[in-house]
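Overview (structure and organization)
One letter stands for each residue in the lines below.
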Amino acid sequence: MGHLDAAGVRIRDVRAIVTAPEGLPLVVVKVETTEPGLHGVGAADLVTRPLTVVSAVQDYLQPLLVGRSPYEIEDIRQSLYQSSYFRGGPVLNTALGGVDTALWDILGKVAGMPVHQLLGGRCRRAVPVYTHAAGSCANEVAEAAQACRERGYGYVRCQVTVPGVTTYGAPSGPQAGDGLWDPAAYRRTVPALFEHLRDALGAEVELLHDVHERLPGADAIGLAKDLEPYRLFFLEDPLSPEDLEHFRLLRHHTSTPLAMGELFSTPQEYLPLVRDRLIDFLRIRVAAAGGVSGARRVAALCEFFGVRMAWQGARDVSPVGHAATIALDIATHNFGIQESAEFNDAAQEVFPGCPTVRDGHYWPPDAPGLGIDIDEHAAAQHPAPDPLTVDAWTRLRLPDGTVTRP
Ligand code: CO
């Protein structure tokens, strides 16, 4: 391994820590250096396959990193990326992203600056965020959304139970068949939800909705058109990555703003959507974009095409991941919106400096680096759940028994 930097601090060890303070497995990469007390943390969450990321980090990247200067972030990124020869994909990119973000954390600590300052400094005072409201009927969703507004949120993602089936983002009723999904029932339910929400909540609140790729292309187009009168802030993941060519049709048929990306990990997947302006918001996971280094490139690319950033940030992204998105959001001109999570007390104990929402915004830390750490003792109190319990929700079938995407 060549060293571009002949002297100074070296990487001493790299570990991937799994912890589940809210029940979902989170993966945090910790990079330790030869400088006493100097370490960095980065998010490498992949909720359905966390142990594969742990192996990628500890079995394959750690040996290449020990002994290197932590300041050669770009050279490390490039050399680790090609080290597997079979490059990219969600597992390897997420592992790489966790290491990369931890190196930015270290650089910020050494520079005595928050990571957003290293990225060019503030473009805004704070980060507007959206939260999630759900219910088993339109009335319940309206009440939940109103409660979010009263807590300061200006943007609310709304999901409603589709009677009799396993619904994404909303409670499934007791009558729901195990893993049963009915796209036609969903397609009928959602426009009525948003008609009710606009009536109940008025014109000002920004409403979002996640299709979670659960519609065939033609139905996605029909839904996007039906939702036009209710003026969504965006419609998320209307199509699956396997159906990307349908975005051309979708785009030409609807004025509903479109967001896509949480399943992307390879630039070739999203480049055509950005280049041809087929989406309005790109919402990849920062780790899968390659950490801070990869994400800032993606954001710059999108800026030239008028696409805004909405990094994925649900509860399956650790507070360390949220800290990294905040640094990017604060320093990115073409920011759109940030998905937020309010973490429980256990998560706040595991992650000192855990970002919190105030007045509908994430507020950037003044502390050097990402402004967050992991308490490994507390983390160990919350071991990861059995791997096959975490992805049970992915086993969906249509009414006739056909396997369908989750
Ligand atoms: Co989503």
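Residues numbered from 1 in each chain as written. Predicted model: local features only at pLDDT ≥ 70, side-chain atom pairs only at ≥ 80, totals over all residues. Heavy atoms only, no water.

**Regarding the nonpolar core**
The test is simple: Think of a nonpolar core as a cluster: buried Ala, Val, Leu, Ile, Met, Phe, Trp, Tyr and Cys residues, connected wherever their side-chain atoms sit within 4.5 Å. Summary of the burial criterion: residues with accessible area below 20% of their type's maximum are buried, those above 50% are exposed, and those between are partly exposed, where the area comes from a 1.4 Å probe applied to protein chains only. Put simply, DSSP marks the helices as runs of H or I at least four residues long and the strands as runs of E at least two long, and each gets a number from the N terminus on.
Ranked by internal contacts, the top residues of the largest apolar core, which has 114 residues, are Cys-158, Phe-194, Phe-247, Leu-282 and Trp-311. When residues in this core are grouped by element, the largest group, eight residues, is from helix α11 (residues 319-331). Counting eight residues, the second largest nonpolar core, distinct from the first, contains Tyr-130, Phe-233, Ala-259 and Ile-337.

**Quick word on the coordination of the cobalt ion**
Filter applied, for reference: Counted as donors are N, O and S atoms no farther than 2.8 Å from the metal, or 3.2 Å for Na, K and Ca; water is not among the atoms, and sites may therefore look incomplete.
Taken together, Asp-210 (OD), Glu-236 (OE) and Glu-262 (OE) make up the protein donors of the cobalt ion, found 2.0 to 2.3 Å from the metal. If you list the donors of the cobalt ion from N- to C-terminus, the spacing comes out as D-x25-E-x25-E. Pair noted here: Glu-236 is in strand β7 (residues 234-236) and Glu-262 is in the loop between β8 (258-260) and α9 (267-275), with a separation of 26 residues, a long-range link. In this structure, Glu-236 and Glu-262 share a single accessibility class: buried.

**Quick notes on the sheet that holds strand β1 (residues 11-19)**
Strand pairs in the sheet, formed through backbone hydrogen bonds, run parallel or antiparallel to each other. Threshold: Only strands joined by at least two bridges in the DSSP assignment are considered to pair. In this analysis, axes come from line fits to C-alpha atoms, helices being fitted only over the stretch in contact, and the angle between any two N-to-C directions falls in the range 0 to 180 degrees. Contact between two residues is taken to exist if any of their heavy atoms lie within 4.5 Å; hydrogens are not considered.
Strand order in this open sheet of three strands is β1-β2-β3, and the pairing throughout is antiparallel. Lying at the two open borders of the sheet, with one neighbouring strand each, are β1 and β3 (39-43). Neighbour-to-neighbour, the strand axes of this sheet turn through a mean angle of 20 degrees, independent of strand direction. Relative to the sheet, helix α1 (residues 50-65) contacts β1 and β2 (26-33), its axis offset from that of β1 by approximately 175 degrees.

**Here's the deal with empty space enclosed by the protein**
Rule in force here: Cavities and pockets are found on a 1 Å grid laid over the protein atoms alone: a cavity is a set of points where a 1.4 Å probe fits but cannot escape, a pocket is an open set with protein on both sides within 12 Å along at least five of seven lines, and a lining residue has an atom within 4 Å of such a point. Grid points are joined across faces, edges and corners, and a volume is the space filled by probe spheres set on the points. For this classification, Asp, Glu, Lys and Arg are treated as charged, while Ala, Val, Leu, Ile, Met, Phe, Trp, Tyr, Cys and Pro are nonpolar and the rest, including Gly, are polar.
For the structure shown, the criterion picks out two cavities of 30 Å³ or more. As a volume, the largest cavity reaches approximately 100 Å³. Contributing to the lining of the largest cavity are Ala-43, Asp-45, Thr-101, Arg-285, Val-286, Ala-287, Gly-291, Gln-312, Val-317, Gly-321, Ala-324 and Thr-325. Looking at which element gives the most residues to the lining of the largest cavity, the answer is α11, with three residues. Considering only residue class, the lining of the largest cavity consists of five nonpolar, five polar and two charged. Roughly 40 Å³ of internal volume is contained in the second largest cavity. Lining the second largest cavity, in full, are Gln-159, Val-160, Thr-167, Tyr-168, Trp-181, Tyr-186, His-209, Asp-210, Val-211 and Arg-214. Of all the secondary structure elements, the ones that give two or more residues to the lining of the second largest cavity are β5 (155-160) and β6 (206-210). Its residues assigned to classes, the lining of the second largest cavity shows five nonpolar, three polar and two charged.

**Quick look at helix α3 (residues 89-111)**
Heads up, the rule is: Here the expected span of a helix is defined as 1.5 Å times the quantity of residues minus one.
Its 23 residues give α3 an end-to-end C-alpha distance of 32 Å, which sits within 8% of 33 Å, the value for a rise of 1.5 Å per residue. Gly-112 sits one or two positions beyond α3 and adopts a positive phi of about 75 degrees.

**Digging into the packing of aromatic side chains**
Centre-to-centre distance and the angle between the planes together describe a pair of aromatic rings. The condition that has to hold: Here a Phe, Tyr or Trp ring, Trp counted by its six-membered ring, pairs with any other such ring whose centre lies within 6.5 Å, and the pair is stacked when the planes are under 30 degrees apart, edge-to-face when over 60, and tilted otherwise. Comment: the charge-over-ring label is applied if NZ (Lys) or CZ (Arg) is within 6 Å of the ring centre and within 35 degrees of the ring normal.
Across all of its chains, the model carries eight aromatic pairs by this definition. Judged by centre distance (5.9 Å) and plane angle (90 degrees), the rings of Tyr-130 and Phe-234 are edge-to-face. Of the two residues, Tyr-130 sits in strand β4 (residues 127-135) while Phe-234 sits in strand β7, which places them 104 residues apart along the sequence. No difference in accessibility class separates Tyr-130 from Phe-234, as the two residues are buried. A residue is classified by how much of its surface remains accessible, and Phe-234, at 0% relative accessible area, is buried. Taken together, the aromatic side chains of Tyr-130, Tyr-155, Phe-233, Phe-234 and Phe-281 make up a single cluster linked through ring pairs. Directly above the aromatic system of Trp-181 lies the positively charged group of Arg-214, at a separation of 4.5 Å from the ring centroid.

**Some details on the environment of Glu-32**
Relative to the assigned elements, Glu-32 resides in strand β2. In sequence terms Glu-32 and Asp-13 are 19 residues apart; their C-alpha atoms lie 5.2 Å from each other. Among all residues touching Glu-32, those that are not within four sequence positions of it are Arg-10, Ile-11, Arg-12, Asp-13, Arg-15, Leu-38 and His-39.

**Let's talk about unusual backbone geometry**
The phi dihedral of Tyr-85 is positive, around 60 degrees, even though this residue is not glycine. At Arg-277, a residue that is not glycine, the phi angle is positive and equals roughly 55 degrees. Assignment of secondary structure puts Arg-277 in the loop between α9 and β9 (281-282). Taking relative accessible area as the criterion, Arg-277 reaches 45% and is therefore assigned partly exposed.

**Let's talk about the packing of helix α7 (residues 217-226) against helix α8 (residues 246-253)**
Applicable threshold: Orientation labels follow simple angle bins: below 35 degrees gives roughly parallel, above 145 gives roughly antiparallel, 65 to 115 gives roughly perpendicular, and whatever is left gives oblique. By convention, the crossing between two helices is left-handed when the near helix turns anticlockwise from the far helix through less than a right angle, and right-handed when the turn is clockwise.
Remark: α7 packs on α8, axes separated minimally by 9 Å, with the N-to-C direction vectors making an angle of 20 degrees. On the basis of the axis angle, α7 is roughly parallel to α8. α7 and α8 meet at a crossing whose hand is right-handed. Within the contact between the two elements, α7 uses Gly-217, Ala-220, Ile-221, Ala-224 and Lys-225 and α8 uses His-246, Leu-249, Leu-250 and His-253.

**Let's talk about the pattern of salt bridges**
Inclusion rule: In what follows, salt bridge is the name for a side-chain nitrogen of Lys or Arg lying within 4 Å of a carboxyl oxygen of Asp or Glu.
Under the criterion given, the structure shown has 25 salt bridges. Here Arg-15 makes a salt bridge to Glu-376, at a shortest N to O gap of 2.8 Å. Here the residue Arg-15 occupies a position in strand β1, and Glu-376 occupies one in helix α13 (residues 376-380), the gap between them amounting to 361 residues. What makes Arg-15 partly exposed here is its relative accessible area of 23%. Judged by its relative accessible area of 28%, Glu-376 falls in the partly exposed class. In this structure, Asp-105 engages Lys-109 in a salt bridge whose closest nitrogen and oxygen atoms are separated by 3.7 Å. Separated by four residues within a single helix, Asp-105 and Lys-109 lie in helix α3, roughly one turn from each other. Residue Asp-105 is classed as buried on the basis of its relative accessible area of 0%. Using a relative accessible area of 27% as the deciding quantity, one classes Lys-109 as partly exposed. Connected through salt bridges with shared partners, the residues Arg-12, Arg-15, Lys-30, Glu-32 and Glu-376 form a single ionic network.

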